[in-house]
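# Remarks on the overall topology
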There are 8 protein chains.
Amino acid sequence: GDALVDHHRGLRQGFPEVIFGAGKSAGQVERIMASLAAKGNNILVTRLDEAKALAVKEAFPSAMWHADARCLTLEQRPIEKRGLGTVLVLSAGTSDLPVAAEALVTLRMLGNEASHLYDVGVAGIHRLLARRDVLFSARVLIVVAGMEGALPSVVGGLVDRPVIAVPTSVGYGASFGGIAALLGMLNSCAAGVTVVNIDNGFGAAVAASKINRE
Amino acid sequence: GDALVDHHRGLRQGFPEVIFGAGKSAGQVERIMASLAAKGNNILVTRLDEAKALAVKEAFPSAMWHADARCLTLEQRPIEKRGLGTVLVLSAGTSDLPVAAEALVTLRMLGNEASHLYDVGVAGIHRLLARRDVLFSARVLIVVAGMEGALPSVVGGLVDRPVIAVPTSVGYGASFGGIAALLGMLNSCAAGVTVVNIDNGFGAAVAASKINRE
Amino acid sequence: GDALVDHHRGLRQGFPEVIFGAGKSAGQVERIMASLAAKGNNILVTRLDEAKALAVKEAFPSAMWHADARCLTLEQRPIEKRGLGTVLVLSAGTSDLPVAAEALVTLRMLGNEASHLYDVGVAGIHRLLARRDVLFSARVLIVVAGMEGALPSVVGGLVDRPVIAVPTSVGYGASFGGIAALLGMLNSCAAGVTVVNIDNGFGAAVAASKINRE
Amino acid sequence: GDALVDHHRGLRQGFPEVIFGAGKSAGQVERIMASLAAKGNNILVTRLDEAKALAVKEAFPSAMWHADARCLTLEQRPIEKRGLGTVLVLSAGTSDLPVAAEALVTLRMLGNEASHLYDVGVAGIHRLLARRDVLFSARVLIVVAGMEGALPSVVGGLVDRPVIAVPTSVGYGASFGGIAALLGMLNSCAAGVTVVNIDNGFGAAVAASKINRE
Amino acid sequence: GDALVDHHRGLRQGFPEVIFGAGKSAGQVERIMASLAAKGNNILVTRLDEAKALAVKEAFPSAMWHADARCLTLEQRPIEKRGLGTVLVLSAGTSDLPVAAEALVTLRMLGNEASHLYDVGVAGIHRLLARRDVLFSARVLIVVAGMEGALPSVVGGLVDRPVIAVPTSVGYGASFGGIAALLGMLNSCAAGVTVVNIDNGFGAAVAASKINRE
Amino acid sequence: GDALVDHHRGLRQGFPEVIFGAGKSAGQVERIMASLAAKGNNILVTRLDEAKALAVKEAFPSAMWHADARCLTLEQRPIEKRGLGTVLVLSAGTSDLPVAAEALVTLRMLGNEASHLYDVGVAGIHRLLARRDVLFSARVLIVVAGMEGALPSVVGGLVDRPVIAVPTSVGYGASFGGIAALLGMLNSCAAGVTVVNIDNGFGAAVAASKINRE
Amino acid sequence: GDALVDHHRGLRQGFPEVIFGAGKSAGQVERIMASLAAKGNNILVTRLDEAKALAVKEAFPSAMWHADARCLTLEQRPIEKRGLGTVLVLSAGTSDLPVAAEALVTLRMLGNEASHLYDVGVAGIHRLLARRDVLFSARVLIVVAGMEGALPSVVGGLVDRPVIAVPTSVGYGASFGGIAALLGMLNSCAAGVTVVNIDNGFGAAVAASKINRE
Amino acid sequence: GDALVDHHRGLRQGFPEVIFGAGKSAGQVERIMASLAAKGNNILVTRLDEAKALAVKEAFPSAMWHADARCLTLEQRPIEKRGLGTVLVLSAGTSDLPVAAEALVTLRMLGNEASHLYDVGVAGIHRLLARRDVLFSARVLIVVAGMEGALPSVVGGLVDRPVIAVPTSVGYGASFGGIAALLGMLNSCAAGVTVVNIDNGFGAAVAASKINRE
Ligand SMILES: Nc1ncnc2c1ncn2[C@@H]1O[C@H](COP(=O)(O)O)[C@@H](O)[C@H]1O
Ligand SMILES: Nc1ncnc2c1ncn2[C@@H]1O[C@H](COP(=O)(O)O)[C@@H](O)[C@H]1O
Ligand SMILES: Nc1ncnc2c1ncn2[C@@H]1O[C@H](COP(=O)(O)O)[C@@H](O)[C@H]1O
Ligand SMILES: Nc1ncnc2c1ncn2[C@@H]1O[C@H](COP(=O)(O)O)[C@@H](O)[C@H]1O
Ligand SMILES: [Mg+2]
Ligand SMILES: [Mg+2]
Ligand SMILES: [Mg+2]
Ligand SMILES: [Mg+2]
Ligand SMILES: [Mg+2]
Ligand SMILES: [Mg+2]
Ligand SMILES: [Mg+2]
Ligand SMILES: [Mg+2]
């Protein structure tokens, strides 16, 4: 065996171990899924290549492939909704969509109401201001942005709810694969913004889900 | 005038603008405090030097100086408690205490129940494991650590509640003023850990407070 | 002699060489000033310590010391106004004021109409939006901001005029002495924002002045 | 829909949103172009792969592909010239040509007179000095250079007009993908040089165009 | 000849020069192997591509290919066991397995008893604590971990024996190809942890082997 | 109380918690020393300022101050020698002496035979080669070097015993406070060299001591 | 035309412009070669891909392809030897050979006597010491090394002649594509070592050639 | 004794070990000087504080203090001139003078003819071009520059002799203590420029001296 699945986690954390697909072979993913599925769990695989996903789907035909999010899900039992409110995912530009999608898939697998507001980058701030109602009705906000990563500061200054910022690797040159956005978010002048790793839509969703849990 | 106080913030965010003391003269701090105090607000000043604090206290004798946290507070009206539960601050080593103290002062000014568990670094993990009861009873956890910043991963793997990690600049050599701890926390293998800026106990407390609010 | 003054510059660039005070002794500054003054020039010294400035003022009693901007000026003849319009300097927070002040002193020495809008950081965006009239009436805009440096993106998305962004070293931890703000500005999603060195209010003013010249 | 086009921008900024081709599928580019074209706009797509460009051209046969600049343009109405003078693009070496070309295409789409001086790097400075007449006749200068990025300092010392520096990723080893050139330009000893992101010929052209506008 | 084999090393260091496969052609590897084999040595090649390995195996049919470790070994004489005890290799996640495997192959070629404990990352610390017996029975421990690299601190706090930490390039975003794990390990609060280069399972094994030698 | 002393460590690790003096007040150091001393332990304090050391010595008059090593020791019972052989500390230049001294003090407090070879930097390699006998008689070697940090590679190529490299912050400019030496050591072409943090003579000594223990 | 060949350089520098092949198409290389060849020059192209080289050779059949050095040369007239002595190229490991080869081809095209000593890395220092005669007979030395880049320090401490250090990108992990070697060389404790860019065998050869010229 | 002076060096390298003053006490400097003086050597101490220099001068009254260069010299016998020609030191700005001065003192102690051209930075290139005669008459050139470090490229393109570039730590913000200048020089488009460490006027002079030696 090449993995020691942390079956205990479902108990401790309320959801079984999520499979990190990057760097695993289709065979490895399948074996871990089988081990988790045998216990009746719902399963989430993130950062999977399309080619591997299709291979894995042959073993688990009822699994669903989310191309935009690069996630594979297997729902063996209905997902129980159990949040205090809605988690809103905002994204700045077209290229930030895959990271936002990973967050959305994860949020739903973890039992949250989730919605999405996209293409609301700060260079055309009227687009964001026009949707203040949606901002104000969310319980938790995940803000996904690349380049200079300024969106969480503006959002964090408008709302009173927890804001989780996700820098993306979108950009070129001095964006340094997301470092510019990451640093911007860590230095946000809007107090109380917290940050996750570059492109880590999954981690932001897990954090939001814990916040949203009664 | 040298500052345009954001009086609107109390309405939007539930607490008036907090004064960032670093780089301001005692006179500047006093003028901003006066402007906020005139509206009957409770006031928090962070990152203040002892010398400046003492000067400011002459103008506001009822202000309280928190030497360990380098914060000055002025309570003009009783602080209303209004969280869902307790916010627990954990710190790894003796040198991380000032950052933890800044978080604690902020948490209390913002109306939270807050408690502290200190000197529970991962190199002597029995100290942490012995206090699992305290961990499990918190609603939100703030984990403060310097050097390799490993504590949030261990805590995040044990509890089911939101964990906010605060890297500190404690260390030398390749700790690079907190970069090692910051990177460790951003790459935490415990899903759902979120991170704030190096030494930013204040920001972690604001985030925890928003999470803890009904 | 320890400097070879570029007297030719007044002809080529429309203003004589500006003296970079940092790292020069009061004696060195005085000798260069004397050489420039002998030709009837107006003189600007930037990045000067207060102590050196006072020493130099003994030799040039009519020189003026701008404490906030850390600049010394000597006006030997009236400054001729010769711009196409107004240069507006915006600054995000209280701590960015010295850099903004350096830009303002430089702009005026170079013959520009200049005005200032301060404390309009993005975390309280209503403060900026409330002054849209001032933004729209400027011919060139200099935007000074530290921390995440998001202000130029918002301003650049609102106005149609050239925007020059000045990152400042204000912040701590992952602001890395202004790197976070610098990278944010270089990656601005508002097209056409250009950037100068960290804390370089002087350089931004020279650029704005060249743009503002008929 | 996967993009929320900022149609408002044409009004605010004088030219509709430019499409950032990198990381978008041919289908996405087409849909955004269709949305912009429907309003009768002239359209510019930057950073497009040749393969995608050819696919898009099937939907928009009158679009023009600029291979050297990796840009696609669609002119639906004549471009009105409206600058104060000429924008001159200088490039240092053969490998900097694509970035210069992107600047030139953008300048022309935005209604500027534009010309080009190439292969005038500082290691053979007589090539630049021989063309001083061209330098002096420009209203705005864009200087494109990789490796040590020294050209803007030399040009900025010769002319009295605004100089925008564009670092390129040309080089190897310690050029670090353009960081060396970027830092060189930010530290230019020629006062008033402003800088854009590595390889951002587009951004430099937008800035120059705003400067050149009456 | 394109290499000057250090035949002297077997005498000085107790094992002949190990061949670093990366960046060598199959032909180069073969020629160096032939030169070493002619002296009757056992041979180890690390960091070899599968394709090259297969080519080399045609010349040395009795060589063994370790796919997981990307190592090729040739045993021409029995390996004499000569350590003071067991070397234990621990790895944190599934993706750290190749580096652990490289360490294991190297340890065995150098005559050590070696065993492996895998998937014992700190986010599920019960998995590690459950195997304390195995930890305590080792003479030397090699701890392989990517992402935040926290495992060596926890292990180093539990055992009294030498711990060698190996950061891996596993992770994404702010893991920066292993820098986060490397810095974490260099700053370990567990005193006495020493560190080798990112992904250098080989080097850790050589160090452990020297420690384990009587 | 501001510290939770890990009294358990003496049992687990064979020596009680060592006090990290940096960033602690004299009072804090005294209180922790008192708590350790009460159990009859020998005590080591590292990275202490001279001023604080003298203050602490008033409370513990029999404590010994090692000025070169910036360490304070308190021997309450005789130190038992219990190593397999000698630990040799080599240092490259005059300025590396304090780090070597910290290693030597620590080694002796932990019960090791220790000796020192100094000023044997690689630019005058005859100095090192002339002492090969000393090199060959050591059981473990600690190699302390700043600037380019090349000494461990040369030593590691000569001896068959474990080599622990300690980069120092000695140097200027591109030594970047020890980064150049650290990187050099991590990339040592002498297999089996392990590395500790910059200036961490203490950590190297603890590691050597564990290796040297039967 | 896409290049402005600096024909003047042959006069100023004693050898015509060398063509930097990277990032140029075969057609661009051909056109520049034709322009240089028309003046009867000997021609050197560096950093050329094998595929492009073969294409170019069809236009210039008498050109010679140096596969190891990735250089193409065209000798139209005999190369006149004109140095003060021999230039010795030393390389540390097998993987440094291409950079050494680039230096050797360049040295010979520029009219120098050149020889090569390879595989003399510092981890087996007897290999270098055994060839002291060769070291002492050189007029200029080029030392090529990757990983920790220690060889120039050892060589620079032995000889009295100019030493030019060339860091290579050989290595992995914390070698950071040659940064470790570059920093090591810049901080060499052997006074008078000068350094060129990572992998820049060409530049080192040009420098050596100028030194070697009467 | 705290230093093992490399007396052998005078034989190997033609000048005795130069004393690196930084981080040494006045007492340490004195003891090493005494040891060198006893053999009749001329002595050079670099990077010495004024205070220490004055203390040392009491023991060696005939030593000479070069305040601008921060060097102390002791001439016990006449310095024999023995170069092939003149070494020319160029410096860009007023603040680069101390580094240039260190190079000049070192050059003269090592027996070279040396001269100086200052304040010839590239932003006023006519100042440099006006002195072409001086440039062309030098045998070796040392070019000292901070900020963007462009001067060596321009000089290297004009002359045919060896050029050694010395980056200085002059500047602020994104000059990063000399990194910008260092990178600029390593990437110089003028072939054959070699580079030494930031602020290392001493090292450049030693290299130039070896080049200038018959
Ligand atoms: N996209 C992701 N980013 C970061 N961590 C993840 C991601 N997906 C899964 N994980 C974590 O990776 C762990 C499993 O890692 P592994 O044992 O390598 O499969 C799980 O516990 C998850 O918490
Ligand atoms: N605050 C400043 N930041 C950057 N450059 C400056 C500043 N003040 C003056 N300068 C430039 O520094 C040059 C003079 O440098 P120096 O010869 O060292 O006095 C002038 O030509 C100015 O362009
Ligand atoms: N080459 C470019 N570099 C930087 N920004 C660009 C470039 N081309 C277009 N843009 C900007 O990218 C924005 C559109 O981004 P998106 O919504 O992802 O298509 C436009 O508003 C442009 O200002
Ligand atoms: N300014 C300097 N920069 C770099 N190296 C120096 C300098 N001055 C002296 N050195 C070198 O430092 C060595 C002596 O170092 P140390 O043994 O610490 O005194 C000598 O061999 C010199 O080569
Ligand atoms: Mg968009
Ligand atoms: Mg403790
Ligand atoms: Mg404010
Ligand atoms: Mg060219
Ligand atoms: Mg796992
Ligand atoms: Mg010495
Ligand atoms: Mg070899
Ligand atoms: Mg000057």
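Read on for an overview of the structure. None of the values given here were measured: they were computed from a predicted structure.

In this section: the overall build of chain A. A count of helical and extended segments in chain A gives nine helices and nine strands. Residues counted as buried form 65% of the 214 residues belonging to chain A. The contacts of chain A with a sequence gap of at least 6 include a subset with a gap of at least 24, amounting to 69%. In the form shown here, chain A has an accessible surface area of approximately 6900 Å², with 53% of it arising from carbon and sulfur atoms.

Looking now at the sheet that holds strand β2 (residues 43-46) of chain D. All names here are of chain D. With mixed pairing, four strands are arranged side by side in an open sheet as β1-β2-β4-β3. Looking at the sheet topology across the chains shown, the edges are occupied by β1 (19-20) and β3 (64-66). Alignment of β2 against strand β4 (residues 71-74), held across three bridges, turns out to be antiparallel. When the sheet's bridge partners are listed, Leu44 is paired in β4 with Thr73. Lying on the sheet, helix α2 (residues 26-37) is in contact with β1, β2 and β4; it crosses β2 at an angle near 160°.

Residues and elements named next belong to chain F. A sheet is described by the order of its strands in space; here four strands give the open sequence β1-β2-β4-β3, paired in mixed fashion. One side of each edge strand has no neighbouring strand; the edge strands of this open sheet are β1 (19-20) and β3 (64-66). Along the sheet, helix α2 (residues 26-37) contacts β1, β2 (43-46) and β4 (71-74); its crossing angle with β2, the most-contacted strand, is approximately 160°.

To continue, consider the interface of chain B and chain A. Taken together, the contact between chain B and chain A spans 31 residues of the former and 31 residues of the latter. Where chain B abuts chain A, roughly 2500 Å² becomes buried across the two surfaces, and 49% of that area is made up of carbon and sulfur atoms. Area buried by chain B at its contact with chain A is led by Asp160, Leu186 and Lys210 of chain B, which between them contribute 23% of it. Viewed at the interface, chain A and chain B are joined by zero salt bridges. The interface formed by chain B and chain A holds ten residue pairs in polar contact (both at pLDDT 80 or more) in total. With six residues, the top contributor of residues to the side of chain B that touches chain A is helix α9 (residues 201-212) of chain B. Broken down by class, the residue content of the side of chain B that touches chain A amounts to 15 nonpolar, nine polar and seven charged.

Now for the interface of chain B and chain E. Taken together, the contacts link 24 residues of chain B with 24 residues of chain E. Together, the buried faces of chain B and chain E total about 1900 Å²; carbon and sulfur atoms form 71% of this surface. Put simply, chain B and chain E have zero salt bridges between them. At the surface where chain B touches chain E, the tally comes to eight residue pairs in polar contact (both at pLDDT 80 or more). Of all the secondary structure elements, the ones that give two or more residues to the side of chain B that touches chain E are α7 (151-158) and α8 (179-186) of chain B. With five residues, α8 of chain B is the single largest residue contributor to the side of chain B that touches chain E. Counted by class, the side of chain B that touches chain E contains 17 nonpolar, six polar and one charged residues.

This part covers the relation of the copies chain B and chain E. Laying chain B over chain E is done by rotating through 180° and shifting 0.0 Å along the axis; what remains is an RMSD of 0.0 Å. Taken together, the rotation angle and the small translation identify this as a two-fold axis. Considering only C-alpha atoms, the part of chain B nearest the rotation axis is Ala150 of chain B, at 2.6 Å. Of the residues that chain B buries at the interface, 100% are likewise interface residues in chain E, meaning the two copies contact each other through the same surface.

Looking now at the side chain of Asn200 of chain H. Along the polypeptide, Asn200 of chain H turns up in the loop between β9 (193-195) and α9 (201-212). Apart from the residues within four sequence positions on either side, Asn200 of chain H is in contact with Tyr172 of chain F together with Glu102 and Val166 of chain H.

Looking now at the relation of the copies chain B and chain A. Overlay of chain B on chain A (RMSD 0.0 Å): rotation 180°, translation along the axis 0.0 Å. A high fraction, 100%, of the interface residues of chain B reappear at the interface in chain A, so the copies pair face to face through one surface.

So, about unusual backbone geometry. All names here are of chain C. In this structure, Arg70 is a non-glycine residue whose phi angle is positive, near 55°. When you line up the elements, Arg70 lands in the loop between β3 (64-66) and β4 (71-74). Even without glycine at this site, Asp119 takes up a positive phi of about 65°. Mapped onto the fold, Asp119 is located in the loop between β6 (113-118) and α5 (126-129).

Further remarks concern the side chain of Lys210 of chain A. Relative to the assigned elements, Lys210 of chain A resides in helix α9 (residues 201-212). Asp160 of chain B is the oppositely charged side chain nearest to the buried, salt-bridge-free Lys210 of chain A, at an N-O distance of 5.2 Å. Within polar-contact distance, the side chain of Lys210 of chain A engages the backbone oxygen of Ala191 of chain B at 3.5 Å.

On to the pairing of strand β2 (residues 43-46) of chain H, then. All names here are of chain H. Neither face of β2 is exposed, since Ile43 and Val45 on one face and Leu44 and Thr46 on the opposite face are all buried. Where strand β1 (residues 19-20) lies against β2, two bridges are found, and the strand directions are parallel. Residue Ile19 lies in a different strand from β2, and its bridge partner there is Val45.

Before going further, it helps to examine the environment of Leu107 of chain H. Residues and elements named next belong to chain H. Among the structural elements, Leu107 can be located in helix α4 (residues 97-109). For Leu107, a relative accessible area of 0% translates into the label buried. Along the primary structure Leu107 and Phe15 are separated by 92 residues, whereas in three dimensions their C-alpha atoms are 12 Å apart. Residues contacting Leu107, with those up to four places away along its chain left out, are Val87, Val89, Asn112, Ala114, Ile142, Ala205 and Ala208.

With that settled, consider the packing of α2 of chain D against helix α3 (residues 50-59) of chain D. Residue and element names in this part refer to chain D. In contact at an axis separation of 9 Å, α2 and α3 are set at 40° when each is read in the N-to-C sense. It follows from the interaxial angle that α2 and α3 lie oblique. Here α2 and α3 pass one another in a crossing that is right-handed. In contact with Ala26, Val29, Glu30 and Met33 of α2, α3 contributes Lys52, Ala55, Val56 and Ala59. Of the residues belonging to the contact of α2 with α3, the class tally is six nonpolar, no polar and two charged.

Calculation criteria
- Residues numbered from 1 in each chain as written.
- Chains lettered and ligands numbered in written order.
- Predicted model: local features only at pLDDT ≥ 70, side-chain atom pairs only at ≥ 80, totals over all residues.
- Heavy atoms only, no water.
- Helix = DSSP H or I, 4+ residues; strand = E, 2+ residues; numbered from the N terminus.
- Buried < 20%, exposed > 50% of the residue type's maximum accessible area, 1.4 Å probe, protein only.
- Contact = heavy atoms within 4.5 Å.
- Areas by Shrake-Rupley, 256 points an atom, 1.4 Å probe, with all protein chains shown as cover.
- Pairing = 2+ DSSP bridges.
- Axes fitted to C-alpha atoms, helices over the stretch in contact; angles between N-to-C directions.
- Buried area = accessible area lost by both parts, 1.4 Å probe.
- Salt bridge = Lys/Arg side-chain N within 4 Å of Asp/Glu carboxyl O.
- Polar contact = N/O pair within 3.5 Å; in protein donor to acceptor, adjacent residues only side chain to side chain.
- Nonpolar A, V, L, I, M, F, W, Y, C, P; charged D, E, K, R; others polar.
- Least-squares fit on C-alpha atoms with pLDDT ≥ 70 in both.
- Lys, Arg positive; Asp, Glu negative; His and termini not counted.
- Parallel < 35°, antiparallel > 145°, perpendicular 65-115°, else oblique.
- Left-handed = near helix turned anticlockwise from the far one by under 90°.

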